[in-house]
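Next come the chains, spelled out residue by residue.
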Amino acid sequence: LPVSKQIISSNRFLKAAMTENLADPCTGQPNERQCCLYSRFVGCGMVLTGNVMVDRQCKDSSRNVVLDETSDLEPFRKWSRSFHGGKAIMQINHPGRQSPLASTGWSRNPVAPTSGIQARLVLPGWLGNILGTLFLRPARELHKDEIPHI
């Protein structure tokens, strides 16, 4: 089944992307639990991974996988072998304004394409407003010279 000229799937079974929250919280590396989970999708012609963060300072969860210039690639190779022959597509992500304080810390605002009121994630209702103010910092605009570093 051709998906594109470069990707041909062996069948129509697709494992959809999901957030696993299984990575090592200190390193962001895939681990045995992730390999075990993905080994269960044997027979899928294509596997979409969960979010893989490209900036370890901006994650939407402490247990997201992170792939950046400091990452050890061996755990990623082991993870990819657990897919058992299906085509794998890594879903890369930078959560921007959705980065909670737990991942960015107090000293760093998350970055987003724009700044201002639209750069703050707005949660519905009065409780959402309070929680958003407590746990989500407003994003600052990403500068063009910062793009290659993400």
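This is a predicted model, so every value here is computed, not measured.

Thresholds applied
Residues numbered from 1 in each chain as written. Predicted model: local features only at pLDDT ≥ 70, side-chain atom pairs only at ≥ 80, totals over all residues. Heavy atoms only, no water. Phe/Tyr/Trp six-rings, centres within 6.5 Å; stacked < 30°, edge-to-face > 60°. Lys NZ or Arg CZ within 6 Å of the ring centre and 35° of its normal. Salt bridge = Lys/Arg side-chain N within 4 Å of Asp/Glu carboxyl O. Helix = DSSP H or I, 4+ residues; strand = E, 2+ residues; numbered from the N terminus. Buried < 20%, exposed > 50% of the residue type's maximum accessible area, 1.4 Å probe, protein only.

Peer 1: How would you explain the packing of aromatic side chains if you had to name every residue and give the values?
Peer 2: With the rule as written, the count across this model stands at five aromatic pairs. Relative to Phe 41, the ring of Tyr 38 lies with its centre 5.7 Å away and its plane at 75 degrees, an arrangement referred to as edge-to-face. Members of the aromatic cluster, connected to one another through ring pairs, are Tyr 38, Phe 41, Phe 76, Trp 79 and Phe 83. The positively charged end of Lys 15 is found above the aromatic ring belonging to Phe 41, 5.6 Å away from the centroid.

Peer 1: Mind laying out the pattern of salt bridges, listing which residues take part and the relevant values?
Peer 2: This model, assessed by the stated rule, comprises five salt bridges. Across the salt bridge formed by Asp 68 and Arg 56, the nearest N and O atoms sit 2.9 Å from each other. Taken as a pair, Asp 68 in the loop between strand 3 (65-66) and helix 2 (74-81) and Arg 56 in the loop between strand 2 (46-53) and strand 3 lie far apart in primary sequence, twelve residues in all. Its relative accessible area of 15% is what places Asp 68 among the buried residues. For Arg 56, a relative accessible area of 24% corresponds to the partly exposed category. The shortest N-O distance in the salt bridge between Arg 81 and Glu 74 comes to 3.3 Å. Residues joined in a network through salt bridges with shared partners are Glu 74, Arg 77 and Arg 81.

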